Amino acid sequence: MLKSARNNKEKDPEGRMPLADHLRELRNRLLKSVLAICVITIVAMFVYKDIVDFLMKPVLDSVGCPGGARLSQLTNSDAGKQCAYFTVNGLLSPFTIMLKVSFTTGLVLATPVWLYQLWAFLAPGLHRNEKKYGLFFVGLGVPLFVGGAFFAYKILPTSAKVLLDFTPGGANNLLPLDDFLDLLARMIVVFGLAFELPLLLILLNFTGILSGRRMLGWWRGMIMGITVFGAVATPSTDPIGMFALAGPVTVLYFGAVAVALLNDRRKSRRQAADPDFGLSDDEASSLDLTPEAVEGNERVGVGELPAGDDPVRRNGYDDVT
């Protein structure tokens with residue numbers, strides 16, 4: 001049932017298929033992606049407590065109360081510090097948290113599978129250069145997103161410590177576990193997508209849409225835009241998280257500009273040596289239509305015939321006429 005529709009018939013070199021085969025191909029790709037997500041989700045259900053402990057541990061090490069004690073039970077050495085402990089509200093909350101954590105784990109860990117299925121569905125309709133750039137995007141997009149997610153996971157304890165310092169004296173901090181997981185998920189998505197910005201700029205440069213010199217000319221506006229984005233998009237709304245997001249993205253932006261400038265210089269050298277460099281599969285090579293001078297003229301006498309040949313007349317006209 002999940003056999004690709006492209007394998008049923010002889011492959012078209014341009015990836016063309018009837019609409020019904022395209023829909024069947026899309027269905028099969030979606031089923032494979034959903035199956036991989038479901039399998040990992042089911043496995044994650046058996047170890048979801050370990051996953052939750054892994055997500056909570058950095059925050060507990062940073063702001064957790066010793067042994068889960070209340071503020072009135074803290075020792076003198078800890079009395080001046082604000083601390084917190086996680087809570088689960090409601091009878092159904094543990095079950096919903098288990099489902100949420102398991103499904104999120106399945107969606108994240110199955111990323112290579114559903115990204116490949118998406119690529120396999122789109123690749124036959126792309127040109128050679130588009131396939132190369134698309135594969136480059138998939139190959140670097142996943143590590144960049146994972147790097148952004150890991151960075152968000154690492155700075156969350158510092159953000160929590162800064163925010164809890166505003167707690168009035170004598171008050172306890174209760175952190176609902178489901179709210180914390182939602183906050184962490186939003187931070188992972190925001191940081192992961194923000195780390196994709198340099199990759200997008202590099203792809204625009206490699207496809208000839210945006211030059212490195214123009215990207216460099218935008219540096220003031222880009223720094224301002226990245227800072228504003230960090231202030232608005234960071235779910236924790238604290239300055240630590242804002243600058244922690246804006247700083248690495250700014251560094252990645254200048255790294256993308258450097259790569260674009262080097263690529264423009266390489267393309268200029270290649271085009272100077274080969275005018276047909278960079279043409280797509282369906283683009284014609286340039287032709288030199290400049291007229292060339294004729295070296296010499298050959299005069300042909302009118303009415304001259306080779307010697308010894310008698311002209312043959314037809315309707316009163318000979319061959320010369």
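Criteria and thresholds
Here, residues in each chain are numbered from 1, in the same order as that chain's written sequence. Two thresholds apply to this predicted model, a pLDDT of at least 70 for residue-level local features and 80 or more for giving and counting side-chain atom pairs, whereas whole-chain, interface and lining totals are computed over all residues. Excluded from the side-chain calculations are hydrogens and water; all other atoms, namely the structure's heavy atoms, are used. Residues form patches when they are more than 30% accessible in relative terms and have no salt bridge. Like charges link within 9 Å. Nonpolar side chains (Val, Leu, Ile, Met, Phe, Trp, Tyr) link within 5 Å. Computed with the Shrake-Rupley method and a 1.4 Å probe, the accessible areas treat only the protein chains shown as cover for residues. Should a side-chain nitrogen of Lys or Arg be within 4 Å of a carboxyl oxygen of Asp or Glu, the pair is scored as a salt bridge. In DSSP terms, a helix is any run of H or I states spanning at least four residues, a strand is any run of E spanning at least two, and both are numbered starting from the N terminus. Relative accessibility under 20% of the residue-type maximum defines a buried residue, over 50% an exposed one, and the middle range a partly exposed one, all with a 1.4 Å probe and only protein chains included. A contact between two residues is defined here by any heavy atoms of the two lying within 4.5 Å. Whenever a pair of cysteine sulfur atoms sits within 2.5 Å, that pair is classed as a disulfide. Axis angles are defined between N-to-C directions and span 0 to 180 degrees, where every axis is a line fitted to C-alpha atoms and, for a helix, only to the segment in contact. Orientation categories follow fixed angle ranges, with anything under 35 degrees roughly parallel, anything over 145 roughly antiparallel, 65 to 115 roughly perpendicular, and all other angles oblique. Whether a crossing is left-handed or right-handed is set by the direction in which the near helix is turned from the far one by less than a right angle, anticlockwise for left-handed and clockwise for right-handed.

Undergrad: Sorry if this is basic, but what is going on with a nonpolar patch on the surface here?
TA: A cluster of nonpolar side chains, contributed by Ile42, Met45, Phe46, Val47, Phe95 and Leu99, occupies part of the molecular surface with about 590 Å² of accessible area. Listing elements by their share of the nonpolar patch, those giving two or more residues are helix H1 (19–46) and helix H3 (93–109). Top contributing element to the nonpolar patch by residue count: H1, with 3 residues. For Val47, the position within the fold is in the loop between H1 and helix H2 (48–63).

Undergrad: Please explain the environment of Leu164 as it appears in this structure.
TA: Here Leu164 is to be found in helix H5 (residues 128–164). Judged by its relative accessible area of 9%, Leu164 is buried. Distance in space between the C-alpha atoms of Leu164 and Ala84 is 8.2 Å, their sequence separation being 80 residues. Contacts of Leu164, omitting those with residues within four sequence positions, involve Val63, Gln82, Ala84 and Asn173.

Undergrad: So what exactly am I meant to see when it comes to the state of the cysteines here?
TA: Simply put, the disulfide is a covalent bond whose two ends are the sulfur atoms of two cysteines. A complete count under the given rule lists 1 disulfide for this structure. Through a disulfide, Cys65 is tied to Cys83; the S-S separation comes to 2.1 Å. Given an S-S torsion of about 85°, the disulfide between Cys65 and Cys83 has right-handed geometry. In this pair, Cys65 sits in the loop between H2 and strand E1 (84–87) while Cys83 sits in the loop between H2 and E1, placing the two residues 18 residues apart along the sequence.

Undergrad: Could you clarify how one ought to interpret helix H7 (residues 197–206) in this entry?
TA: Side chains three or four residues apart in an α-helix point the same way, a direct result of the helix having 3.6 residues per turn. Every buried residue of H7 is accounted for by Pro198, Leu199, Leu201, Ile202, Leu203 and Asn205. Of the residues flanking the end of H7, it is Gly208, one or two places downstream, whose phi is positive at about 85°.

Undergrad: Quick question: what am I supposed to make of the packing of helix H6 (residues 177–194) against helix H10 (residues 239–273) here?
TA: Two quantities define a packed helix pair, namely the angle between the axes and the distance from one axis to the other. Look at H6 against H10: their axes get within 10 Å of each other, and the N-to-C directions meet at 25°. On the basis of the axis angle, H6 is roughly parallel to H10. With respect to the hand of their crossing, H6 and H10 are arranged in right-handed fashion. In this structure, H6 contributes Val190, Phe191 and Ala194 to the contact, and H10 contributes Gly241, Ala244, Leu245 and Val249.

Undergrad: Would you take a moment to explain the pattern of salt bridges for this structure?
TA: Side chains that differ in sign of charge can pair as their charged atoms come close. In the structure shown here, the tally under the stated rule is 3 salt bridges. For Arg29, the salt bridge identified is with Glu25, shortest N-O distance 3.0 Å. One end of the pair is Arg29 and the other is Glu25, both in helix H1 and 4 residues apart, which spans about a single turn. Owing to a relative accessible area of 0%, Glu25 belongs among the buried residues under this scheme. One salt bridge connects Asp61 with Lys57, and the closest N-O pair in it is separated by 2.8 Å.

Remember, this is a structural readout, not a statement about activity or role.
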